[in-house]
Amino acid sequence: MKKQNRRETAKVKTPFQRMIWEFAHVLVGSAVVAVTFNLFLLPNQIASGGVAGISTLFVALFGFEPAYTQWAFNIPLFAAGVILLGGSLTGSLLYGTKTLVGTLFLPYIVYLTRDMEAATFDPLLASIMGGLGVGIGLGIVFRSNSSTGGTDLAAQIINKYSGLSLGGCVFIIDGLVVSSSAFVFGFEYALYALIALFVTGKTIDIVQIGFGYSKMVMIISEYEEEVKQGLLTQVDRGVTKLAGYGGYTNHSRPVLLCIVGRNEITKLKQLVKAIDPEAFVIVSNTSEVLGEGFKRR
């Protein structure tokens, strides 16, 4: 028996409904990033990378309105992306349109909420909450297979013409912004910016993947049939039987592969130990599992 742990099947969205849903994600995610910027990052002079970080520096250096600075960078970068990246940006008209919407809408919300009172003037708390809010907003945008443009496009352009990895390009750009903040605001504020950057990255992963870490278990046992039946009937999880061969004996040694929730791993280990104390068990984390009994596709 397989575990049924899924919600009622949702109605399949039409392409038009899916498109509206994705644009809504872009708008909501961009708004969350913009409000977070004005509540936490800008008032505390935390320039944690990206065009938003550059606009924070320009406020201190030249007194420029952050929204204007963001538009001044985002629009030319989007145009450069269309020209230089070609198909990788415009190959999907929908993706290019969503990116353009995010590119324009985020600074617009920054401008509309510019008079909001800062939520805190504690830079450590602001860096944590700011990183959290930006991560949530960007995670929502990314889930719609879109982007807010900015330095992401700059990184893609550098990647195309320099041969550096995309991750390396993003690191270089954000590193330059954070390093610049050390000269403008002081070394301590650059460290706060790094904290915000770290929290943002982790939060994006959580929004994209979720908290639902599962365990992947591989079992090699002389009593593989008994173990398999125990997993199916007592742990109530499906099992995949893989062909394996002993490296020394060259004898057939089937491998049982099973995915379980974190709260089920103890029960699984106790079951295997009761059947075969000499069984070889490998347990590893898996960040996302799609399929019956786990997350819906």
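Residues numbered from 1 in each chain as written. Predicted model: local features only at pLDDT ≥ 70, side-chain atom pairs only at ≥ 80, totals over all residues. Heavy atoms only, no water.

### Some details on the confidence of the model for the protein
Move 1: Looking at the protein as a whole, the pLDDT averages 86, with 89% of positions reaching at least 70.
Move 2: The spread of mean pLDDT over the elements of the protein runs between helix α4 (residues 87-90), the lowest at 58, and helix α2 (residues 50-62), the highest at 95.
Move 3: Here residues 1-10 is modelled with pLDDT under 50, and outside its nearest four sequence neighbours on either side it reaches 18 contacts, counting other chains as well. (pLDDT = per-residue confidence, 0-100. Helix = DSSP H or I, 4+ residues; strand = E, 2+ residues; numbered from the N terminus. Contact = heavy atoms within 4.5 Å.)

### Details of the pattern of salt bridges
Move 1: Counting across every chain of the model gives 5 salt bridges.
Move 2: A salt bridge links E22 to K98, with the shortest nitrogen-to-oxygen separation between them at 2.8 Å. In this pair, E22 is assigned in helix α1 (residues 15-41) and K98 in helix α5 (residues 93-112), connecting sequence segments 76 residues apart.
Move 3: As a salt-bridge pair, K241 and E224 come within 3.3 Å of each other at their nearest N and O atoms. Here E224 lies in helix α10 (residues 224-235) and K241 lies in strand β2 (residues 240-242), a separation of 17 residues in the sequence.
Move 4: According to the relative accessible area criterion, E224 is buried, its value standing at 14%. (Salt bridge = Lys/Arg side-chain N within 4 Å of Asp/Glu carboxyl O. Buried < 20%, exposed > 50% of the residue type's maximum accessible area, 1.4 Å probe, protein only.)

### Structural notes on the packing of aromatic side chains
Move 1: One pass over the structure, following the stated rule, counts 8 aromatic pairs.
Move 2: Measuring from centroid to centroid gives 6.3 Å for Y68 and W71, while their planes differ by 25 degrees, and the two rings are stacked. Placement of both Y68 and W71 in helix α3 (residues 66-85) is noted, with a separation of 3 residues, approximately one turn of the helix.
Move 3: Relative accessible area serves as the criterion here: at 21%, W71 is assigned to the partly exposed category.
Move 4: The ring of Y111 carries the charged tip of R114 above its face, separated from the ring centre by 3.9 Å. (Phe/Tyr/Trp six-rings, centres within 6.5 Å; stacked < 30°, edge-to-face > 60°. Lys NZ or Arg CZ within 6 Å of the ring centre and 35° of its normal.)

### Let's talk about the sheet that holds strand β3 (residues 255-261)
Move 1: Across the sheet, which stays open at both edges, the 4 strands sit in the order β2-β3-β1-β4 with antiparallel pairing between neighbours. A single partner strand is all that each edge strand has here, and the edge strands are β2 and β4 (280-286). Averaged over all adjacent pairs, the angle separating strand axes in this sheet is 25 degrees, with direction ignored.
Move 2: As defined by bridge partners, strand β1 (residues 214-220) adjoins β4 across 7 bridges and the pair is classed as antiparallel. Each bridged residue has a counterpart across the sheet, and for M218 the counterpart in β4 is I282.
Move 3: Sitting on the sheet, α10 is in contact with β1, β2 and β3, with an inclination near 20 degrees to β3. (Pairing = 2+ DSSP bridges. Axes fitted to C-alpha atoms, helices over the stretch in contact; angles between N-to-C directions.)

### A closer look at the nonpolar core
Move 1: Residues I46 and V110 are the most contacted members of the largest nonpolar core, which totals 20 residues.
Move 2: Of all the secondary-structure elements, those providing two or more residues to this core are α1, α5, α6 (123-143) and α9 (187-209).
Move 3: For this core, the leading source of residues is α1, giving 6 residues.
Move 4: Look past the residues within four positions of I46 in its chain and what remains in contact with it is L41, T56, P123, A126, S127, Y192, A193 and A196.
Move 5: Residues L256, V260, I265 and A279 belong to the second largest nonpolar core, which totals 13 residues. (Core = buried A, V, L, I, M, F, W, Y, C linked by side-chain atoms within 4.5 Å.)

### As for the UniProt feature "transmembrane region" (unreviewed entry) in the protein
Move 1: In this numbering, the UniProt entry assigns the feature "transmembrane region" (unreviewed entry) to residues 20-40, 46-64, 71-95, 124-142, 163-185 and 191-213.
Move 2: Its end C-alpha atoms 16 Å apart, residues 46-64 is made of 68% helix and 0% strand.
Move 3: Along residues 124-142, the helical share is 100% and the strand share 0%, with 26 Å between the first and last C-alpha atoms. (UniProt positions renumbered as here; feature names shortened; annotations may be inferred.)

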